[in-house]
Amino acid sequence: MPSTAGSSYTLIPNQKYRRSNRRSRQCCNVLDEDSQSLSTLGYFQTLPLEIFQMVLNYLSVKDISLLSMVSKTISNRLINYISTPSGNRRLLLQDFHNLGLPGKREGSYILEHYKSLGLLLKRCTLLLPTKDRLKYTHKILSEVSCFKLNGCPSPLHCLGLQCYGVFLQILTAGWDELECHRVFNFLCELSNLAHKVQTVVSSKPGSARKLELRIRLYCRSVLLNHWNRRSDSAFWLTRILKPWPMVNQARLLYIIFGPVSSLDGHVVWQRMIEGPTDETSLKGLADAIKLLYDTEAREWTADDVISLVDELSVIPREWLMENNARLLILSGNSICFTFMASKAVNGRAVELARLMVFLALVCEKDLYCMDWAVKMMQKVCKVFSTPGERNNFLQCVENAFAHMIMDMLQAVLSGDRDEEDTSFLNLFHLINAQANFHKEILYLTMRNTTTPP
């Protein structure tokens, strides 16, 4: 029979056994996690990190973005790669001024590259909160000076802001409105946009020409130009305009979409008050007004948009009525009628009649159908509450035609003519406009009074 002493010497206490077992389990767990982490790398687990990054140099940016979706581990490795000097050199192309590289369609290759880069960062940061995604993206792009509002010394000849815009469009596509609000606030903070806008809208028009140009380029190239859906464009334009009072909104709208000089790209503030302008000078403003009037722009009422058009027509001083009429025609039937109906309701018949004459003049000059102007007048007549108000308006239209013809005839007879004989041409167009306008009225009247046999 073995002794007690010998028995106690050979047995291992249960308590020690349990501690040892726990340690072994912890070791097993660590090994399992390591093996699981390695298994998510697939065949890449056999490659050193340096070789893995060398392999990436042979893949296109689109292929790398697809690779980022394989696993979280690979995505993390790609995030680290993007942050390395070699990854930066590979991915952050900066040929923004070399638009005519051999074999490349002008500027298109670098825009496509930044679309692909936007998709890569969108996929790599998919699991991060919006705030962290934006911080990481800024960290990657912060060294590219041409992505900054004041970063490029030659902004008119640079594709940097456009590349930044297509990158952000791809990165944020599908994000909800709350996230997009955060994106806008983040960009405003980085670019100090609010302070710069405050400077230009509170200064005399044209006194900060370079800053006006940079704000125009930044807003259009980064925030507005690259959206496929009108609702997205309306959202971003609303974010730009809404923080400001209506008069400043109109100034800012002119800065972003108004006519610019073909020589230096600066905003031309006198274009609307010095003489009649063309469709090209007004198209950007008209498209922006239509965008805000659209049902997609939920934060704008019809009254808001009409007030904005009213404010716009006195910047920097009151526009020529012909330019007002041309803007209304380009803005579409709904806006034109709402604008005119507002004047009818508020008893401004004389002003409305003059506008009606200029609508007919623009139709004559720009070769629009004159029956459109007659139908618009018919529609406006229905707004007046009594026959007396309607008849007064019609009398004002005829008086406006007569007064304008006399004024233009006096200018012709004074002999003060320029090289293009502008006074005579204006009189010629106005007389033809009156004749065609009344011809359409006669056609309409005869159609309504003639009875079938």
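Residues numbered from 1 in each chain as written. Predicted model: local features only at pLDDT ≥ 70, side-chain atom pairs only at ≥ 80, totals over all residues. Heavy atoms only, no water.

Student: Quick question: what am I supposed to make of the pattern of salt bridges here?
Tutor: Two side chains bearing opposite charge may form a pair once their charged atoms approach each other closely. Tallied over the entire structure, the rule returns 15 salt bridges. Arg-229 is the salt-bridge partner of Asp-232, the closest N and O atoms lying 3.1 Å from each other. The class of Arg-229 is exposed, set by a relative accessible area of 52%. Between Lys-343 and Glu-351 there is a salt bridge whose closest N-O contact spans 2.7 Å. Residue class for Glu-351 comes out partly exposed when judged on its relative accessible area of 32%. One salt-bridge network, in which partners are shared between bridges, spans Glu-322, Arg-326, Lys-365 and Asp-366. (Salt bridge = Lys/Arg side-chain N within 4 Å of Asp/Glu carboxyl O. Buried < 20%, exposed > 50% of the residue type's maximum accessible area, 1.4 Å probe, protein only.)

Student: Help me understand helix α18 (residues 321-331) in this model?
Tutor: An α-helical turn contains 3.6 residues, so any two residues separated by three or four positions project in the same direction. Most of α18 is tucked away, with 11 of its 11 residues classed as buried. Of the positions making up α18, those classed as buried are Met-321, Glu-322, Asn-323, Asn-324, Ala-325, Arg-326, Leu-327, Leu-328, Ile-329, Leu-330 and Ser-331. In this structure, the buried residues of α18 make contact with α15 (271-274), α16 (279-293), α17 (302-312), α19 (333-345), α20 (349-365) and α21 (370-381). (Helix = DSSP H or I, 4+ residues; strand = E, 2+ residues; numbered from the N terminus. Contact = heavy atoms within 4.5 Å.)

Student: Even after reading the chapter, I still don't get helix α12 (residues 209-224), so can you show me in this structure?
Tutor: Across its 16 residues, α12 extends 21 Å between first and last C-alpha, which sits within 8% of the 22 Å expected from 1.5 Å per residue. Most of α12 is tucked away: 13 of the 16 residues are buried. (Expected span 1.5 Å × (residues − 1).)

Student: Would you mind going over the packing of helix α14 (residues 246-257) against α16 with me for this structure?
Tutor: Close contact between α14 and α16 brings their axes to 8 Å; oriented N to C, the two are set at 125°. Relative to α16, the element α14 is oriented oblique. The crossing of α14 and α16 is right-handed. Residues Leu-253, Tyr-254 and Phe-257 of α14 lie in contact with α16, whose contacting residues are Gly-284, Leu-285, Ala-288 and Ile-289. (Axes fitted to C-alpha atoms, helices over the stretch in contact; angles between N-to-C directions. Parallel < 35°, antiparallel > 145°, perpendicular 65-115°, else oblique. Left-handed = near helix turned anticlockwise from the far one by under 90°.)

Shape is all these values report; function is a separate question.
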